[in-house]
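Per-entry structural report
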Amino acid sequence: MQMPAPDASVIARRGEIAAALRRIVPGEGVIVSEPERRAYEADGLTAYRQPPLVVVLPSTVSQVAAVLRYCRDEGLKVVPRGAGTSLSGGALPLADGVLLGMARFNRILDIDYANRCVVAQPGVTNLGISHAVAGAGFYYAPDPSSQIACTIGGNVAENSGGVHCLKYGLTTNNLLGLEVVLIDGEIVRLGGKHHDAGGYDLMGVMTGSEGLLGVVTEVTVRILPKPPSARALLIGFAKTEDAGSCVAAIIGAGIIPAGMEMMDRPAISAAEDFVAAGYPRDAEALLIVELDGPETEVDYLIDNVEALARANHARSIRISRSEAERLAFWAGRKAAFPAVGRISPDYYCMDGTIPRGRLTEVLVRIRQLSEQYGLGVANVFHAGDGNLHPLILYDANKPGEVERAEAFGADILRLCVAVGGVLTGEHGVGVEKRDLMGAMFDAADLAQQERLKCAFDPDGLLNPGKVFPTLHRCAELGRLHVHAGQLPHPELPRF
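In this report, the structure presented in the accompanying data block is examined. (Residues numbered from 1 in each chain as written. Predicted model: local features only at pLDDT ≥ 70, side-chain atom pairs only at ≥ 80, totals over all residues. Heavy atoms only, no water.)

Concerning the sheet that holds strand β2 (residues 54-56)
- Spatial ordering of the open sheet is given by β1-β2-β4-β3, a layout of four strands whose pairing is mixed. The sheet terminates laterally at β1 (30-31) and β3 (77-81), the two strands that pair on one side only.
- Most of the contacts of helix α2 (residues 14-24) go to β2, to which it runs at about 5°, and overall it touches β1, β2 and β4 (97-101).
- Sitting on the sheet, helix α4 (residues 61-74) touches β2, β3 and β4, and the angle it makes with β4 is about 170°. (Pairing = 2+ DSSP bridges. Helix = DSSP H or I, 4+ residues; strand = E, 2+ residues; numbered from the N terminus. Contact = heavy atoms within 4.5 Å. Axes fitted to C-alpha atoms, helices over the stretch in contact; angles between N-to-C directions.)

With respect to the sheet that holds strand β10 (residues 215-222)
- Spatial strand order, β5-β6-β10-β8-β9: five strands in an open sheet with antiparallel pairing. On the outer flanks of this sheet lie β5 (108-112) and β9 (187-191), each paired with one strand and no other. The sheet shows a mean angle of 10° between the axes of neighbouring strands, direction not considered.
- As judged from the four bridges shared by β5 and strand β6 (residues 117-120), these two strands associate in the antiparallel manner. The residue of β6 that forms the bridge with Ile 108 is Ala 120.

Details of the side chain of Glu 210
- As for its position among the elements, Glu 210 is in the loop between α8 (202-206) and β10.
- Comment: no salt bridge for buried Glu 210; closest opposite-charge side chain is Lys 433, at 7.5 Å.
- For Glu 210, the side chain forms a polar contact with the main-chain nitrogen of Gly 430, separated by 2.8 Å.
- Among all residues touching Glu 210, those that are not within four sequence positions of it are Ala 157, Glu 158, Gly 428, Val 429, Gly 430, Asn 463 and Val 467. (Buried < 20%, exposed > 50% of the residue type's maximum accessible area, 1.4 Å probe, protein only. Lys, Arg positive; Asp, Glu negative; His and termini not counted. Salt bridge = Lys/Arg side-chain N within 4 Å of Asp/Glu carboxyl O. Polar contact = N/O pair within 3.5 Å; in protein donor to acceptor, adjacent residues only side chain to side chain.)

A few points about the environment of Glu 261
- Note on placement: Glu 261 falls in strand β13 (residues 259-264).
- For Glu 261 and Asp 303, which are 42 residues apart along the polypeptide, the C-alpha to C-alpha distance reads 18 Å.
- Ignoring any residue separated from it by four or fewer positions in sequence, one finds Glu 261 in contact with Val 163, Leu 286, Leu 287, Ile 288, Trp 330, Arg 333, Phe 381, His 382 and Ala 383.
- Reaching out from Glu 261, the side chain makes a polar contact with the side chain of Arg 333 at a distance of 2.8 Å.

Notes on the environment of Thr 125
- Here Thr 125 shows up in the loop between β6 and α5 (126-133).
- Between the C-alpha atoms of Thr 125 and Asn 106, which are 19 residues apart in sequence, the distance is 7.9 Å.
- Sequence-distant contacts of Thr 125, that is, excluding residues within four places in its chain, are made with Gln 147, Ile 148, Ala 149, Cys 150 and Thr 151.
- A distance of 3.0 Å separates a polar atom in the side chain of Thr 125 from the backbone nitrogen of Gly 128.

Quick word on the packing of helix α9 (residues 240-252) against helix α11 (residues 295-311)
- Look at α9 against α11: their axes get within 9 Å of each other, and the N-to-C directions meet at 140°. Handedness of the crossing formed by α9 with α11: right-handed. Along the contact surface, α9 presents Cys 246, Ala 249 and Ile 250, while α11 presents Val 305, Leu 308 and Ala 309.
- When the residues that make up the contact of α9 with α11 are grouped by side-chain class, the tally is six nonpolar, no polar and no charged. (Left-handed = near helix turned anticlockwise from the far one by under 90°. Nonpolar A, V, L, I, M, F, W, Y, C, P; charged D, E, K, R; others polar.)

Have a look at this one:
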């Protein structure tokens, strides 16, 4: 993976740039010293690190607008950052770029139960929204595994999902309004508390745009009443293929669970060691299926899912009998990523999406690739919507293992596309999948996407080097054709 070469003349102006930013964000809102900048050198894709030119931490929308306007006028690159939990390098800084941290935007501005929505600043955590409305019996449905730390602004940037996105949708399906600051400092509002915004779907364009189009400064999300009943099944299988067949059978029967997650044996063992959730260690694959709604409906669906599981050769079935037991089932899944960190010095978390019907085939092929590359893999994924999260196990201290892990991951993503899937489900493209975009889109497709970015950011200053494998200037895009050439990227800084 490569990034644009830093501009040495900009780096030489660090002091001047910091002084100008301090006039906009006074006090401790500008970070310049090398040790302090190191705290921002990476996001969740920790194999790549690069301290930013300078960090600025605004606390008001007017400060964000002024910072962006100054950067536009000075031709400075800007990398927006939330909590830094991105697993695709979306918030990886640039040596000649200003890192715009939104951590100080951490307040809930309005809770409107009548309209069933919450207005929050982008630095509010995902779980913080649910906690704020829990007392009134409401919650925010999208629940990434990192929900205790990831922010709602970052969720918008990556269109995050979670274990309950099968029934309740991704961020985009639960988003009502945005306030966004553009690169020229203009503040725009999209949507609101109403359910459908008029005109072009600019909110849809902004959601999942990975910081390439604007900086989100306010988010309005839909909240839902907690279902009257929720129960889960913990289903163990002797064969991964049987678990995949069970997933297809449940969906094929017209049942839409609130969540349906799958884990393979390495992930099961790691999670059980970590949280002692009661997972069957002898299972090759584990399904967690949650049903919610009126109690009578849940009981009926539980019986149907149990019958389908037995028809697909389930080895063990446990049904939650209490809320504590249901939460225990989920505790292992939610902790799967940190749990795997205990069995391997490093791991590379992938993110691709496939048609559910190809699940068994893809899992078999991942197992073959694991043997080919000589690296272990633990599979944890949102089985209901085909969103895979293979965790490739490696040791960065062993020469060549990082490169093998990346090659293994790239082959998994190519496999996802080859079977009719896509490169990402919820982690975004960032720098991780950027150079694989050609596996899914041809040059004409990519050029059209770049034209959209140019409409918002004509000078290419917002989060450059991410998502697009080409480095075209906006003026060139009018004459690009299918055989558009690619400009080389210099090497990314590796940790």
